[in-house]
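# Report on the structure
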Amino acid sequence: MRARPVRWLPLAPATLLLLLFLAGPIGYCVYIAFTDMQLTGSSGTSFVGFDNFRRAFADPGFRNAVWLTVVFTVVSSILGQNTLGLALAALMRRASRPVRTLTGTLVIAAWVLPEIVAAFLLYAFFRREGTLNAVLDWLHLPTQNWLFGLPILAVSFANVWRGTAFSMLIYSAALAEIPQEITEAAEVDGASGLRRLWHITLPMIRRSIGTNLMLNTLQTLSVFGLIWAMTRGGPGRRSQTLPVFMYDQAFLKSLIGYGTAVALLLLLVGALFSVVYLRLMKVEV
Amino acid sequence: MLGRVGRRTRERLAADAALLAVAAAFALPLLWLLLSSLDTEADLRVRVPGNPGLDNFSAVWTDEITFTPMLNSLVLCGGATALTVVCAVLAAYPLSRYRSRLTRPYLLTVLFTTCLPITAVMVPVYGLFVQVDLIDTVYGTALFLATAQLPFAIWLMKNFMDGVPRVLEEAAWTDGASMPQTLWRVVLPLMGPGVTVVTIYTFIMLWGNFFVPFMLLLSPDRLPASVSIFTFFGNYGSVVYGELAAFSILYSTPVLLLYVVIAQRLGGGFALGGAVKG
């Protein structure tokens, strides 16, 4: 046998990078969050304890951002991507091949497009003079100034458009693994479509549902570019989710300390979700 | 039997109709992109160009709009991808082959990091980059991008490497090959498809990344396409939508093509799918 430590040497470059560029910033994040660092005149940085956090919880802007982040996550990730992804995967098992291929290609194309391109496309789609209103007009339905009147809904739908492919792929794989005999047995027993879905399909793919919900939620929590390019968090603050609020405070208002405290809270929520995810999934490594 | 077939057909038609409705909703924004790129008078609605042509493409086909940003993207994302893949291959080898008390905690940490919202770290990263003078440097940005993709790349690579049988390696060991030789000559050739998937996937992710270069690069001549498209078209009062669409297509084509290369191998639950047993 060779000298043991040498065998682990290949791990060094990756570990070094992770420590320097990921663990380092996270540590620095914890430090700055407890200071009053500002972009301008940073010489006077001093330790302020929990002030930034107290300030955040008393700040209507922060509470607004938390609420909008919850709405954005629930509407776009849990209700939107997750449900639509499952529905698409289930429908694709029954549909004819050309339709299946066409739909799959379009949904995946929306996912592979760079974030900023997707943002521009959906900006054009949701604008007052954009395609959505043209379609609604054509159907004789009332039109809306989406980006102004319902900005958080518009960006949520945009995120559904962009992210559903991931859920669709996960659920397609999960549904393909359900043994045919089980579904057929239930059919013979006369179970209706909905009952089969509730009592057989959903319990059998519950792990995939857990994985998908967690990953979607984590992904959605950190969406920035899509919202920034579509609405800049506006009008006013009506689509200002936590990442946008954090950016706004740290760079546009120059309050690095405060912005970082918000970032730290976001990081903690993400970390909590990750731990729950790893626990739930009983990862084998 | 006949009734059964009839129901199957009805079910298929209903599923087809539902899918086509969803497909239409997904297609409209993409249709706008295609049609507007060919229309010099494009506005925000989907409409067939009155006088279709490639004028928009020739308008953006300049150093300032297309070539410099695309080249910047290539250098930034290519460099970061290379770094990620090399580090991931090296790290995956001991993690896949040797047993130690630390293997499991290390992998769990990697997986945990994969899930963290990187967006949240960007404010402190900016602060740190200002302090150590890495701000507005391409290599600094590439280092950070590479690190951000590294956890997932290690995880994927380790799973691919687990699939390579050890028998051949043991033969190489007996012949006196060193560890780097074994990795290079025996293991890597056997997991070529895996390395390709990780490389392309990493590159696609980096090519589309907007927030990191948006924060860490300042000089206009260093911006990659993901940011230049935003500063160029997003900040000007009157946007020429046709040109925006044309440039969007130029910018998106590389990743769309690359995705087609790996689509077959990605399959279903590939994302962390390997992590979930049972």
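Residues numbered from 1 in each chain as written. Chains lettered and ligands numbered in written order. Predicted model: local features only at pLDDT ≥ 70, side-chain atom pairs only at ≥ 80, totals over all residues. Heavy atoms only, no water.

So the rule is basically this: UniProt positions are given in the numbering used here, feature names are shortened, and annotations may be inferred rather than shown by experiment.
Under an unreviewed UniProt entry, the name given to chain A is Carbohydrate ABC transporter permease, and the source organism is Streptomyces noboritoensis. Check the Sequence similarities (unreviewed entry) section of the UniProt entry for chain A; it says "Belongs to the binding-protein-dependent transport system permease family."

### A few points about the overall build of chain B
Worth spelling out the cut-off: The way it works is that DSSP assigns letters per residue, a run of H or I at least four long becomes a helix, a run of E at least two long becomes a strand, and they are numbered from the N terminus. Here the radius of gyration uses the C-alpha set of atoms, whereas the globule reference equals 2.2 Å times the residue count to the power 0.38. Relative accessibility thresholds used throughout: buried, under 20% of the residue-type maximum; exposed, over 50%; partly exposed, between the two (1.4 Å probe, protein chains only). Between two residues, a contact is recorded if the distance between any of their heavy atoms is within 4.5 Å.
For chain B, the helix and strand inventory stands at 12 helices and zero strands. Ordered by position from N to C terminus, the α and β elements of chain B give α-α-α-α-α-α-α-α-α-α-α-α. A globule of 278 residues ought to have a C-alpha radius of gyration of about 19 Å, yet chain B, at 24 Å, is considerably larger. Taken over 278 residues, chain B has a buried fraction of 53%. Restricting to contacts in chain B with at least 6 residues of sequence separation, those with at least 24 account for 72%.

### As for the overall build of chain A
Going by this rule: Per-residue and other accessible areas were derived by the Shrake-Rupley procedure at a 1.4 Å probe size, with only the shown protein chains allowed to occlude residues. His is not counted here, nor are the chain ends, while Lys and Arg score as positive and Asp and Glu score as negative. Working definition for charges: the position is that of NZ of Lys, CZ of Arg, CG of Asp or CD of Glu.
Check the secondary structure of chain A and you find 15 helices and zero strands. Across its three principal directions, the C-alpha atoms of chain A cover 75 × 75 × 30 Å. A burial count over chain A gives 55% of its 285 residues as buried. Here the contacts in chain A between residues at least 6 apart in sequence split such that 70% fall between residues at least 24 apart. When the accessible area of chain A is evaluated, it comes to approximately 13000 Å², of which 66% is carbon and sulfur surface. In chain A, which carries 23 positive and 13 negative side-chain charges, the distance between the mean positions of the two groups comes to 5 Å.

### Some details on the interface of chain A and chain B
The condition that has to hold: Buried area: the accessible area, evaluated with a 1.4 Å probe, that two parts lose upon being put together, summed over both parts. Basic side-chain nitrogens of Lys or Arg form a salt bridge, by our definition, when they fall within 4 Å of a carboxyl oxygen of Asp or Glu. We call two N or O atoms a polar contact when they sit within 3.5 Å, provided that within protein one can donate a hydrogen and the other can accept it, with sequence-adjacent residues counted only if both atoms are side-chain atoms.
Residue-level contacts link 92 residues of chain A with 96 residues of chain B. Of the roughly 8400 Å² buried at the junction of chain A and chain B (both faces included), carbon and sulfur atoms supply 79%. For the pair chain A and chain B, the interface holds one salt bridge. Of the charged contacts in the structure, one is a salt bridge between Arg 94 of chain A and Glu 11 of chain B, with a shortest N-O distance of 3.2 Å. The tally of links from chain A across to chain B stands at six residue pairs in polar contact (both at pLDDT 80 or more). Ranked by residues supplied to the side of chain A that touches chain B, first place goes to helix H2 (residues 11-33) of chain A with 14 residues.

### Remarks on the UniProt feature "domain: ABC transmembrane type-1" (unreviewed entry) in chain A
The UniProt record marks residues 67-277 of chain A with the feature "domain: ABC transmembrane type-1" (unreviewed entry), using the residue numbering of this structure. Annotated as residues 67-277 of chain A, this span is 81% helix and 0% strand, and its ends, taken at the C-alpha atoms, are 23 Å apart.

### Thoughts on empty space enclosed by the protein
What counts is decided by this rule: For cavity detection a 1 Å grid was placed over the protein atoms alone, and a set of points counts as a cavity when a 1.4 Å probe fits there but cannot get out; an open set counts as a pocket when protein lies on both sides within 12 Å along at least five of seven lines, with lining residues being those that have an atom within 4 Å of a point. Grid points are joined across faces, edges and corners, and a volume is the space filled by probe spheres set on the points. Each residue is assigned to one of three groups, with Ala, Val, Leu, Ile, Met, Phe, Trp, Tyr, Cys and Pro labelled nonpolar, Asp, Glu, Lys and Arg labelled charged, and all others, Gly among them, labelled polar.
All told, the structure shown has one cavity of 30 Å³ or more when counted by the stated rule. Computed from the structure, the largest cavity encloses a volume of approximately 1300 Å³. For the largest cavity, the lining is made up of 43 residues, of which Arg 162 and Gln 219 of chain A together with Gln 149, Tyr 201 and Met 205 of chain B are closest to its centre. Of all elements in the fold, only helix H5 (97-112), helix H9 (151-176) and helix H12 (206-221) of chain A together with helix H4 (103-115), helix H6 (138-162), helix H9 (192-208), helix H10 (211-216) and helix H12 (241-266) of chain B reach the threshold of two or more residues within the lining of the largest cavity. Residues belonging to the lining of the largest cavity are distributed by class as follows: 28 nonpolar, 13 polar and two charged.

### With respect to the confidence of the model for chain B
Atom-level detail of predicted coordinates should not be read off regions where pLDDT is low. Counted only if it meets this: Residue-level confidence of the predictor is what pLDDT reports, using numbers from 0 through 100.
When pLDDT is averaged across chain B, the result is 84; 91% of the residues are at 70 or more. In this model, residues 268-278 of chain B is a region of pLDDT below 50 whose contacts with residues beyond four sequence positions or in other chains number 29 contacts.

### Let's talk about the packing of aromatic side chains
To be explicit about the condition: Planes of paired rings set the category: under 30 degrees apart is stacked, over 60 is edge-to-face and the rest tilted, where pairs are Phe, Tyr or Trp rings (Trp by its six-membered ring) whose centres lie within 6.5 Å. Each ring is checked for a lysine NZ or an arginine CZ that lies within 6 Å of its centre and within 35 degrees of its normal; such an atom marks a charge sitting over the ring.
Scanning all chains against the criterion turns up 34 aromatic pairs over all chains. Note on Phe 50 of chain A and Phe 53 of chain A: the rings are 6.0 Å apart at their centroids and 55 degrees apart in plane angle, and the pair reads as tilted. Judged by relative accessible area, Phe 50 of chain A falls into the exposed class, the value being 52%. Note on Phe 53 of chain A: relative accessible area 9%, which makes it buried. Ring centres of Trp 161 of chain A and Phe 26 of chain B lie 6.3 Å apart, and the angle between their planes is 15 degrees; this geometry places the pair in the stacked category. In this pair, Trp 161 of chain A sits in helix H9 while Phe 26 of chain B sits in helix H1 (residues 2-37), so the two residues belong to two different chains. Judged by its relative accessible area of 4%, Phe 26 of chain B is buried. Ring pairs connect the aromatic residues Phe 224, Trp 228, Tyr 247 and Phe 251 of chain A together with Tyr 126, Phe 210, Phe 211, Phe 214 and Phe 230 of chain B, which therefore count as one cluster. If you follow Arg 7 of chain A out to its NZ or CZ, it ends over the ring of Tyr 98 of chain B, 3.9 Å from the centre. Seen from the ring of Phe 148 of chain A, Arg 238 of chain A lies directly overhead, with NZ or CZ sitting 5.5 Å from the centre.

### Some remarks on the side chain of Thr 217 of chain A
Residue and element names in this part refer to chain A. Relative to the assigned elements, Thr 217 resides in helix H12. The class for Thr 217 is buried, based on a relative accessible area of 7%. Setting aside residues up to four positions removed in sequence, Thr 217 forms contacts with Thr 73, Ser 77, Ile 78 and Phe 273.

### Here's the deal with the pattern of salt bridges
All names here are of chain A. In the structure shown here, the tally under the stated rule is eight salt bridges over all chains. Two residues, Arg 127 and Glu 129, come together in a salt bridge whose shortest N-O distance is 3.1 Å. Of the residues examined, Arg 127 reaches a relative accessible area of 25% and is grouped as partly exposed. Residue classification places Glu 129 among the partly exposed positions, given a relative accessible area of 37%.

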